[in-house]
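Coordinates in review
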Amino acid sequence: MATTTLSFSEKGGEYVATYTSTGDTVVQIERANGGNINVYASIDGMTPKPIFGVYKESGNSLLKVCVPSGMKVEIHSETEVTTGKTLTEETA
């Protein structure tokens with residue numbers, strides 16, 4: 001399994017991180033407070049489209065993002081993210 005740290009930055013009142021998918025990915029984020037989380041995906045050069053959103057009362061959230069390898073994924077949180085990581089299965 002490969003773990004990657006996500007870097008969130010504030011953009012337009014949200015906290016956003018972007019990564020390139022290597023297949024099905026588990027995302028864990030720890031936030032200052034609960035609130036909405038929205039996930040977007042796109043093919044390189046295209047406009048990101050929403051693929052799902054959730055409301056979590058807790059600041060600690062675990063999500064599974066299932067998009068093909070090579071797609072750009074954006075995680076948007078309405079509250080400050082203190083830590084974020086992805087976990088993917090390594091392929092040979």
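The notes below deal with the structure included here. (Residues numbered from 1 in each chain as written. Predicted model: local features only at pLDDT ≥ 70, side-chain atom pairs only at ≥ 80, totals over all residues. Heavy atoms only, no water.)

1. Quick word on the pairing of strand 4 (residues 25–31)
Residue alternation in strand 4 divides its side chains into a buried set, Thr 25, Val 27, Ile 29 and Arg 31, and an unburied set, Val 26, Gln 28 and Glu 30. Taken together, the 6 bridges between strand 4 and strand 7 (residues 60–65) define a ladder with antiparallel strand orientation. Bridged to Glu 30 within strand 7 is Asn 60. (Buried < 20%, exposed > 50% of the residue type's maximum accessible area, 1.4 Å probe, protein only. Helix = DSSP H or I, 4+ residues; strand = E, 2+ residues; numbered from the N terminus. Pairing = 2+ DSSP bridges.)

2. Looking at the sheet that holds strand 7
An order of 1-9-4-7 is seen for the 4 strands of this open sheet, with the pairing classed as antiparallel. Only two strands of the sheet have a single neighbouring strand rather than two, namely strand 1 (2–5) and strand 7. Each neighbouring strand pair of the sheet contributes to a mean axis angle of 20°, computed without reference to strand direction. With 4 bridges connecting them, strand 1 and strand 9 (residues 81–88) associate as antiparallel partners. Following the sheet pairing, Thr 3 is matched in strand 9 by Leu 87. (Axes fitted to C-alpha atoms, helices over the stretch in contact; angles between N-to-C directions.)

3. Remarks on the pattern of salt bridges
Under the definition given, this model contains 1 salt bridge. Between Glu 74 and Lys 72 there is a salt bridge, and its shortest N-O distance comes to 3.8 Å. Its relative accessible area of 33% is what places Lys 72 among the partly exposed residues. (Salt bridge = Lys/Arg side-chain N within 4 Å of Asp/Glu carboxyl O.)

4. Some words on the nonpolar core
Within the largest apolar cluster, 17 residues are counted, with the highest numbers of intra-cluster contacts made by Phe 8, Tyr 19, Val 27, Val 65, Val 73 and Ile 75. Every element with two or more residues in this core is listed here: strand 3 (14–20), strand 4, strand 5 (35–42), strand 7 and strand 8 (72–77). Beyond its immediate stretch of four places on either side in the chain, Val 27 contacts Leu 6, Tyr 19, Ser 61, Leu 62, Leu 63, Val 65, Lys 85 and Thr 86. (Core = buried A, V, L, I, M, F, W, Y, C linked by side-chain atoms within 4.5 Å. Contact = heavy atoms within 4.5 Å.)

5. Concerning the sheet that holds strand 3
Read from one edge of the open sheet, 5 strands run 2-3-8-5-6, paired in antiparallel fashion. Since the sheet does not close on itself, it has two edges, and those belong to strand 2 (9–11) and strand 6 (49–56), each with one partner. Between one strand axis and the next, the sheet turns through 30° on average, direction left out of account. Inspection of the sheet shows strand 2 paired to strand 3 by 3 bridges, in the antiparallel sense. The partner of Lys 11 across the bridge, within strand 3, is Glu 14.

6. So, the environment of Glu 10
Following the sequence through the fold, Glu 10 ends up in strand 2. As a C-alpha pair, Glu 10 and Ile 29 span 19 residues in sequence and 15 Å in three-dimensional space.

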